[in-house]
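Below, each chain spelled out in residue letters.
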Amino acid sequence: AQKVTQAQTEISVVEKEDVTLDCVYETRDTTYYLFWYKQPPSGELVFLIRRNSFDEQNEISGRYSWNFQKSTSSFNFTITASQVVDSAVYFCALRPTQGAQKLVFGQGTRLTINP
Amino acid sequence: NAGVMQNPRHLVRRRGQEARLRCSPMKGHSHVYWYRQLPEEGLKFMVYLQKENIIDESGMPKERFSAEFPKEGPSILRIQQVVRGDSAAYFCASSPVVFRTGGHGYTFGSGTRLTVV
């Protein structure tokens with residue numbers, strides 16, 4: 001069975017602080033995809049990143065960075081110099097590369113950036 | 001190139017009525033997925049369809065819920081005799097057969113917010 005755990009239910013920081021959202025996953029598949037999505041107050045799902053399990057390089061996109069550690073089954077997301085517009089619920093998700101095509105989502109982390 | 005289109009955005013139904021949620025996948029995508037998000041929770045998989053075929057319905061409630069993706073037209077998620085517990089956001093996603101390098105993989109619609117009164 002597959003499982004994604006986002007242990008942090010809510011995080012609140014002051015603007016310009018750095019913040020890391022944790023994601024730990026469980027899977028028996030040898031290859032899989034990991035995803036992060038943002039859900040702003042308006043409710044839609046915004047794609048942030050898709051990572052294949054064989055690619056363990058960390059990735060940076062502007063103020064966003066992702067740390068993939070296969071040894072600890074973690075795929076953490078860091079926002080540097082946070083802004084109020086980063087306030088949203090963030091979801092981590094998992095799907096095997098082969099076989100079942102459904103995404104398994106974590107419970108989400110509600111991030112609030114205070115001015 | 002329009003993304004995944006879901007309608008309606010908001011739907012209010014009285015208990016016992018039927019709810020029909022529509023999803024038009026992204027152009028070129030042949031796979032459709034429905035997810036449900038209960039208030040303050042993550043998204044839960046419901047069903048995965050290809051044209052005229054249900055591939056995986058392991059997340060669908062056994063009663064009152066059905067889904068289809070006909071040869072022509074949008075995918076439909078149908079909830080019969082709605083109850084208050086069906087109130088949720090229902091998201092549709094589509095994907096191509098094979099994930100392209102650098103692509104999103106899945107494209108999500110904006111969701112339909114169903115409220116049962």
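For the structure, check the block above.
Since we're looking at a predicted model, the values are computed, not measured. (Residues numbered from 1 in each chain as written. Chains lettered and ligands numbered in written order. Predicted model: local features only at pLDDT ≥ 70, side-chain atom pairs only at ≥ 80, totals over all residues. Heavy atoms only, no water.)

A. Fine view of the interface of chain B and chain A. Contacts between the two partners involve 26 residues from chain B and, on the opposite side, 19 residues from chain A. Summing the contributions of chain B and of chain A, the shared interface buries around 1,800 Å²; its carbon and sulfur component is 51%. Where chain B touches chain A, the interface holds 2 salt bridges. With its nearest N and O atoms 3.9 Å apart, the salt bridge here joins Lys 102 of chain A to Asp 56 of chain B. (Contact = heavy atoms within 4.5 Å. Buried area = accessible area lost by both parts, 1.4 Å probe. Salt bridge = Lys/Arg side-chain N within 4 Å of Asp/Glu carboxyl O.)

B. Region of the structure containing the pairing of strand 3 (residues 19–24) of chain B. Residue and element names in this part refer to chain B. Of the two faces of strand 3, only one is covered, namely that formed by Ala 19, Leu 21 and Cys 23; the face formed by Arg 20, Arg 22 and Ser 24 stays uncovered. With 3 bridges joining them, strand 1 (residues 5–7) and strand 3 adopt antiparallel strand pairing. Bridge pairing in strand 3 links Gln 6 to Cys 23. Pairing geometry for strand 3 and strand 8 (residues 75–79), over 5 bridges, is antiparallel. From the neighbouring strand, Ala 19 faces strand 8, where its bridge partner is Ile 79. (Buried < 20%, exposed > 50% of the residue type's maximum accessible area, 1.4 Å probe, protein only. Helix = DSSP H or I, 4+ residues; strand = E, 2+ residues; numbered from the N terminus. Pairing = 2+ DSSP bridges.)

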